Amino acid sequence: MSSLKKKLEEKILQHRPRTERLVKEYGDVKVDEVKISQVIGGMRGIKCLVTDISYLDPFEGIRFRGYTIPEVLEKLPKVPGAEMPYVEGFLYLLLTGDIPTMQEVEEVHKEFNARKKVPQYVFDILHAMPKDSHPMTMFATAIMSMHLDSVFDKEYRKGIQKADYWSAYYEDAMNLLAKIPEIAAHIYRWKYKDGDIIPSDPDLDMGGNFAHMMGIGRPYDDVARLYFILHSDHESGNVSAHTGHLVASALSDIYYSISAMLNGLAGPLHGLANEEVLRWLQGVMDSMGGKIPTEEEMKKFVWDTLESGKVVPGFGHAVLRKTDPRYMAQREFCLKHLPDDPIFKYVDLLFKVVPPILLEQGKAKNPWPNVDAQSGVIQWHYGVREYEFYTVLFGIGRALGVCSNIIWARGLGYPIERPKSVTTDMLEEIAFGKKS
Ligand code: CMX
């Protein structure tokens, strides 16, 4: 057993009595009240999920295992010669709650190397798809196809004990995470670079190897590391995290669960917003003939978008009530590495112009930018201009967090999810006593 898996086992066994005690001794204690507006309104704010892997405070933003983004970037072991930490070390933190040593990071790297060969059938399936399929469709299909190799599926059929489910999910998760960067880079090169595939380099870390397989030089390796870390987890209620968790609660294996997670991420109100931002900006640039719009011109574009009934992509959030620190981390990267990039200037202008307009319009509860407002800019700058691909990058990162959550959910024996629905008649009865 790897030292990461051993440590995880210790942590899960230590944690189990806490969960069991809460359910057995305090199961009737109320956590929350549920209002009709929440029942109809997308379950917004209802406290009904548990995760210790990340927590999203509306005003502070995300903490991973108790650490803010700047703390994570500062404390985790860094790749020699790079600004950003190892993604492998970040996964160790998500899974165990501990900051790993360099030796522990190297062990994860070795574990990934031993698991990273992508079966040929995955590439065959990708090559059989229409080349103009959306890259998210390709990504989700490729991942789902690997159900064929699921360790959990085979163990379950043999009669594995419930207490050991997490161990088989761990095997599947590590097998998948080791392969995911190559699958994503393959989709990119197959679809957009005439199938000129660059083989994986076993000496490189996850972020470095991804940049290498994409065919993009430094500092794109640091961009990859930063992206995968920032997009990994945002507690459990967002569509992608929740979908992955829900599907796995039926004991569907990691491949089914992460594929489902990607399908949720592919919606324009969620992960696809990073593609939408660039599409929207392209529209602005085209109509300006490439010239940077003035503040007044930009305001008009924003109002035109709102008045046509569309949302301004990259702004607003269901939980956050301030600027997303994931946006700020990317903005800092831009200020350091691409301050004069024209698209960065557009996005920075939007940062100034959009929030007051959304406030004036008075609908959005949060007028501030989210993670997706900034992420496409960096990709565009380093040559990834096929903006349909941006959500795939989000998906690689999100898989780290969702796999970690699924392993823990099985480790703590969380049951199949099954909330209760009511009818409109019932709500009317509760609200004002109407008899149907
Ligand atoms: N532009 C225009 N209108 C917006 C808006 C925006 N950026 N954000 C919210 N609104 C509108 C909503 O559409 C809603 O309008 P209706 O009452 O007509 O339906 C109203 O303001 C209230 O919405 P809210 O409670 O503030 O926001 P929600 O929790 O319902 O939705 C989100 C959150 C992210 C879907 C929404 O802010 C949005 O559509 N943003 C743009 C798309 C985007 O950037 N998504 C990515 C979010 C991050 C991620 O998950 O990756």
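The name recorded for the protein chain in an unreviewed UniProt entry is citrate synthase (unknown stereospecificity), from Melioribacter roseus. Looking at the protein chain in UniProt, the text filed under Sequence similarities (unreviewed entry) is "Belongs to the citrate synthase family."

Among the 21 residues in the neighbourhood of the ligand, the closest are listed as His270, Gly314, Phe315, Lys365 and Asp372. Here His270 contributes a side-chain N or O atom positioned 2.6 Å from an oxygen atom of the ligand. Contact between the ligand and Asp372: an oxygen atom at 2.6 Å from a side-chain N or O atom of the residue. Burial of the ligand by the surrounding chains reaches 76%, relative to a free accessible area of 890 Å². For the shell around the ligand, the per-class residue count stands at eleven nonpolar, six polar and four charged.

Relative to the elements of secondary structure, Ser259 occurs in helix H13 (residues 254-265). Those residues in contact with Ser259 that lie beyond four places of it in its chain are Ala140, Ile143 and Met144.

Let's shift gears to the packing of aromatic side chains. Summed over the entire model, instances satisfying the criterion amount to ten aromatic pairs. Here Phe152 and Tyr169 contribute two aromatic rings whose centre-to-centre distance is 4.5 Å and whose plane-to-plane angle is 40 degrees, an arrangement assigned as tilted. Here Phe152 is found in helix H8 (residues 151-158), whereas its partner Tyr169 is found in helix H9 (residues 165-192), with 17 residues between them in sequence. With respect to burial, Phe152 and Tyr169 carry one shared label: buried.

On to unusual backbone geometry. Across the junction of Arg218 and Pro219, the peptide omega takes the value 5 degrees, indicating a cis bond. By secondary structure assignment, the location of Pro219 is in the loop between helix H10 (206-214) and helix H11 (220-230). Phi is positive for Arg65, which is not a glycine, with a value near 50 degrees. Unlike most non-glycine residues, Asp194 shows phi in positive territory, near 55 degrees. Following the sequence through the fold, Asp194 ends up in the loop between H9 and H10.

With that out of the way, let us pick up helix H5 (residues 102-115). For H5, built from 14 residues, the straight-helix expectation of 20 Å at 1.5 Å per residue is met to within 8% by its first-to-last C-alpha distance of 20 Å. Of the positions making up H5, those classed as buried are Glu104, Val105, Val108, His109, Glu111, Phe112 and Arg115. Along H5, the residues classed as buried sweep out an arc of 160 degrees about the axis, all on the same side. Opposite its buried face, H5 presents the exposed residues Gln103, Lys110 and Ala114, each directed more than 90 degrees away.

Take Arg326: it is sitting in helix H16 (residues 325-337). Only 2.7 Å separates the side chain of Arg326 from the side chain of Asp324, close enough to count as a polar contact. Those residues in contact with Arg326 that lie beyond four places of it in its chain are Ile62, Ile69, Leu230, His234, His317, Val371 and Arg398.

On the surface, Val34, Ile36, Val39, Ile40, Val422, Met426 and Ile430 cluster together into a nonpolar patch covering about 640 Å² of accessible area. Among the elements of the structure, helix H2 (36-40) and helix H20 (424-432) are those that each provide at least two residues to the nonpolar patch. Note that Val422 resides in the loop between helix H19 (390-411) and H20.

With respect to the element layout, Ser200 can be found in the loop between H9 and H10. Residue Ser200 is classed as partly exposed on the basis of its relative accessible area, which comes to 22%. Separated by 103 residues in the primary sequence, Ser200 and Gly97 place their C-alpha atoms 29 Å from one another. Contacts of Ser200, omitting those with residues within four sequence positions, involve Lys116, Glu182, Asn209, His212 and Met213. Among the polar contacts made by the side chain of Ser200, one reaches the side chain of Asn209 at a distance of 3.1 Å.

Here H5 crosses H9 at 85 degrees, and the two axes come no closer than 8 Å. In terms of orientation, H5 lies roughly perpendicular with respect to H9. Contacts between H5 and H9 involve Val108, Glu111, Phe112 and Arg115 from the former and Tyr170, Glu171, Met174, Asn175, Leu177, Ala178 and Lys179 from the latter. When its residues are assigned to classes, the contact of H5 with H9 shows six nonpolar, one polar and four charged.

The rules behind each value
- Residues numbered from 1 in each chain as written.
- Predicted model: local features only at pLDDT ≥ 70, side-chain atom pairs only at ≥ 80, totals over all residues.
- Heavy atoms only, no water.
- UniProt positions renumbered as here; feature names shortened; annotations may be inferred.
- Near = heavy atom within 4 Å.
- Polar contact = N/O pair within 3.5 Å; in protein donor to acceptor, adjacent residues only side chain to side chain.
- Areas by Shrake-Rupley, 256 points an atom, 1.4 Å probe, with all protein chains shown as cover.
- Nonpolar A, V, L, I, M, F, W, Y, C, P; charged D, E, K, R; others polar.
- Helix = DSSP H or I, 4+ residues; strand = E, 2+ residues; numbered from the N terminus.
- Contact = heavy atoms within 4.5 Å.
- Phe/Tyr/Trp six-rings, centres within 6.5 Å; stacked < 30°, edge-to-face > 60°.
- Buried < 20%, exposed > 50% of the residue type's maximum accessible area, 1.4 Å probe, protein only.
- Expected span 1.5 Å × (residues − 1).
- Arc of directions from axis to C-beta.
- Patch = residues over 30% accessible without salt bridge, like charges linked within 9 Å, V, L, I, M, F, W, Y side chains within 5 Å.
- Salt bridge = Lys/Arg side-chain N within 4 Å of Asp/Glu carboxyl O.
- Axes fitted to C-alpha atoms, helices over the stretch in contact; angles between N-to-C directions.
- Parallel < 35°, antiparallel > 145°, perpendicular 65-115°, else oblique.

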